[in-house]
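Structural features, examined
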Amino acid sequence: MSATFLGMPGSFPKNAEKAVQNSQLRYNLRKATHTIRGRRASVVGELPDWQELRAAGKAIKDETLRHLDRYLLQLEEAVTEAGGHVHWARDAAEANRIVTDLVKATGETEVVKVKSMATQEIGLNEALAEHGIAAYETDLAELIVQLGDDFPSHILVPAIHRNRAEIREIFLDRMGDAPEGLTDEPAALTEAARLHLRERFLRSKVAVSGANFMVAETGTLVVLESEGNGRMCLSLPETLISVVGIEKLVPSWRDLEVFLQLLPRSSTGERMNPYTSTWTGSAEGQEFHLVLLDNGRTGVLADEVGRQALRCIRCSACLNVCPVYERAGGHAYGSVYPGPIGAILTPQLRGMGSDLDASLPYASSLCGACFEACPVAIDIPEVLVHLRAEAPHGAAERAGMRLAGWVFGDRARLAGVQRLASRLRKLVPKRLPGPLSAWTDTRDLPDIPEEPFRDWWEREERHGRP
C-alpha cells in the first residue's frame, strides 16, 4: 500500500487532536454526514425486506471470498474471450509499473481518471507523474481535492471537508480557465468544472478507471456514479485501463441485482443510481486492460476474523454514523480508506508496523453504529477488537494486562483487590502517573466506592434485605 498521507505521520490520536480544533471542519462534517444519514434512513425504511437484502449481500460476498481463486480465473477467461487483456498485480509497485507501461505504449502523456480508490491506494498518479504522464481526476469532488493539492477525506464525498467558499477559491486559484466573477453557488461551481473537464474528455486518448463490481460469469465490469463523468471516461478514450481490487467480484448477474439495491441506498440515499455503466471486454474498437490488484488482500483473506472487511462495497454508510469520524474527519486516518472501515482495512493491508497503522484499531468507541449501518453486515467492532489484540503493545501495557488477567482469573483475588482499593481510595490520584497517564489524559478515573458491591450484597443478604 502507498505511504501515509503527507502531513499525517503521527498516530491517529495526535492527528485527531489537531483535527478537532478546526471548528469549520467539524461544522462541514456534521452538516454533510447528517444530511446523507437522514436520506439513507428514509429510503432504507421504504423496503420491508432490507434486512433480507443485507443478509443476501453478506452471503454472496462470503461465498465469493471462499472461492475467490475459482471466480478470478472465471473472470479472466470471460474478459479474455471478450477481447480484453487481464494483468495480475501482486502489490502497488507492480500495478503502477503495469499501468505506466500500458500508457507509454500508446505514446500518450496524459490520462483521465474515474472511480478508483484502488489507484489512490497504490499512488498511481504520483507513479505516472514520475514518468511524465499527467493524470486528471474527473469526479467533481476528486477534482477539487486534486486542484487543492489535498487528500480525500470521505469515501463517497472526498471533498466533504471543504465548503463552497473554499471550493470557489481553489477553482479561481488553480483551475486556470475558471470564469471571471465565479460565485460559490453550486450551479456556478459545477458549470465551471463541467467546462474545464469537457476539454479533457474530448482530447484524452487513455482513461484509467476502477470498478464497483466485476461479474465473474460474463467478465463484465460495473461503475456506479452520479455525475456522468464516468460515462465520458469509459466511452470516449481509445484505451481503457481498469485497476480493481480482487475482492470486487460477484459470481453472477443475479448476484449483482442485490448490490444495485444496497449500494445506492447506503451511499447517496437514492433508490437507484443515476449512472450505472457496464462493459465487457473491448467494445467498438476500444482496447481494454484489466489490472487485478492484490496488494495485501490475500493476506486479509487468510484472517478468519479480519477477512469480512473484504465484503466492503465502499458505500461510506459507516462513516456517516460514526461519532469519531464526525469529529476527527478523514485525514486523521492517514489513508485513502477513512472512518470505521478504514480503521480495520488499512492496518490489514499495510500491516501495523507504523505508529499510525497500529493506532487505527483504537480509532473507535466500539458503539456498534457502523455494524448496524453496514449493508453487507461487516461486524466492524469485532474486527477492531481482534486487531487490537494483534497490534504491538508496550512492555508496561503487557505487564498490566498480565496482572489484570491474574486478578480477574480468581474470585478470591478479585475480591481482595476490590477491598484493598476501597481502603486506599483517597490515595488514588485523579490522573494516573507514568505510562498509565495516557488513560486518564482522555477520560476520568471512576470514583472508587467505600465498599465493594459484593461485600454490600453479602451483608444485606445476611440481614434478609436484598
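Here, the structure is the one placed above.
Reading the values: the criteria
- Residues numbered from 1 in each chain as written.
- Predicted model: local features only at pLDDT ≥ 70, side-chain atom pairs only at ≥ 80, totals over all residues.
- Heavy atoms only, no water.
- Helix = DSSP H or I, 4+ residues; strand = E, 2+ residues; numbered from the N terminus.
- Rg over C-alpha atoms; globule rule 2.2 N^0.38 Å.
- Buried < 20%, exposed > 50% of the residue type's maximum accessible area, 1.4 Å probe, protein only.
- Pairing = 2+ DSSP bridges.
- Axes fitted to C-alpha atoms, helices over the stretch in contact; angles between N-to-C directions.
- Contact = heavy atoms within 4.5 Å.
- Expected span 1.5 Å × (residues − 1).
- Salt bridge = Lys/Arg side-chain N within 4 Å of Asp/Glu carboxyl O.
- Core = buried A, V, L, I, M, F, W, Y, C linked by side-chain atoms within 4.5 Å.
- Phe/Tyr/Trp six-rings, centres within 6.5 Å; stacked < 30°, edge-to-face > 60°.

Let's shift gears to the overall build of the protein. From N to C terminus, the protein includes 23 helices and ten strands. Rg of the C-alpha trace for the protein: 25 Å, near the compact-globule value of 23 Å for 466 residues, within the 12% margin. The dimensions of the protein, computed from C-alpha atoms along their principal axes, are 90 × 55 × 45 Å. Out of the 466 residues in the protein, the part that is buried amounts to 51%.

A few words now on the sheet that holds strand β7 (residues 239–245). Read across the open sheet, the six strands follow the order β1-β10-β7-β4-β2-β3; overall the sheet is parallel. Of all strands in the sheet, those with a lone pairing partner are β1 (85–89) and β3 (134–137), marking the two edges. Taken pair by pair, the neighbouring strands of this sheet meet at an average axis angle of 25 degrees, ignoring direction. Across four bridges, strand β2 (residues 110–114) lies against β3 in parallel orientation. Across the sheet, the residue bridging to Val 111 is Ala 135, located in β3. Lying over the sheet, helix α4 (residues 68–81) contacts β1 and β10 (287–293), oriented at roughly 145 degrees with respect to β1.

Given a rise of 1.5 Å per residue, twelve residues ought to cover 16 Å, and the 16 Å separating the end C-alpha atoms of helix α16 (residues 339–350) matches this to within 8%. Most of α16 is tucked away, with eleven of its twelve residues classed as buried. Taken from the residues just after α16, Gly 351 is the one with a positive phi, measuring 85 degrees.

Mapped onto the secondary structure, Gly 400 falls in helix α20 (residues 395–408). Sequence separation between Gly 400 and Leu 436 is 36 residues; the distance between their C-alpha atoms is 9.5 Å.

With that settled, the discussion passes to the sheet that holds strand β5 (residues 213–215). Ordered in space as β8-β5-β6-β9, the four strands form an open sheet in which the pairing is mixed. Each of the sheet's edge strands pairs with one partner strand only, and the pair in question is β8 (249–250) and β9 (275–280). Pairing geometry for β5 and strand β6 (residues 220–225), over three bridges, is antiparallel. If you follow Val 215 over to β6, its bridge partner there is Thr 220. Contacts from helix α12 (residues 253–267) reach β5, β6, β8 and β9 within the one sheet, and its direction differs from that of β5 by about 165 degrees.

Counting buried positions along β10 yields six of seven residues, so the element is predominantly enclosed. Where β1 and β10 come together, five bridges link them in parallel fashion. The partner of His 87 across the bridge, within β10, is Val 291.

A few words on the pattern of salt bridges. Oppositely charged side chains can form a pair if their charged atoms are brought close together. Scanning the model with the defined rule gives 31 salt bridges in all. The partner of Arg 30 in a salt bridge is Glu 326, and the shortest N-O contact between them spans 3.1 Å. Of this pair, Arg 30 sits in helix α2 (residues 23–44) while Glu 326 sits in helix α15 (residues 323–328), and the two are 296 residues apart along the sequence. Judged by relative accessible area, Arg 30 falls into the partly exposed class, the value being 45%. Glu 326 sits in the buried class, given a relative accessible area of 8%. Here Arg 162 ties to Glu 166 by a salt bridge, and the two come within 3.9 Å at their closest N and O atoms. Of the residues examined, Glu 166 reaches a relative accessible area of 26% and is grouped as partly exposed.

Here we come to the nonpolar core. In terms of nonpolar packing, the biggest core is built from 103 residues, with Phe 12, Phe 171, Phe 213, Leu 290 and Ile 344 touching the most fellow members. Not counting chain neighbours up to four residues away, the residues in contact with Phe 213 comprise Thr 220, Leu 221, Val 222, Leu 224, Lys 248, Val 250, Leu 256, Phe 259, Leu 263 and Ile 313. In terms of nonpolar packing, the next biggest core, distinct from the first, is built from 20 residues, Ala 92, Leu 128, Ala 135 and Val 208 among them.

Enumeration over the complete set of coordinates arrives at seven aromatic pairs. Where Phe 12 meets Tyr 333, the ring centres are 4.8 Å apart and the plane angle is 55 degrees; that geometry is what we call tilted. Here Phe 12, found in helix α1 (residues 12–19), pairs with Tyr 333, found in the loop between α15 and α16; they are 321 residues apart in sequence, far enough to count as distant. Given a relative accessible area of 6%, Phe 12 falls into the buried group.

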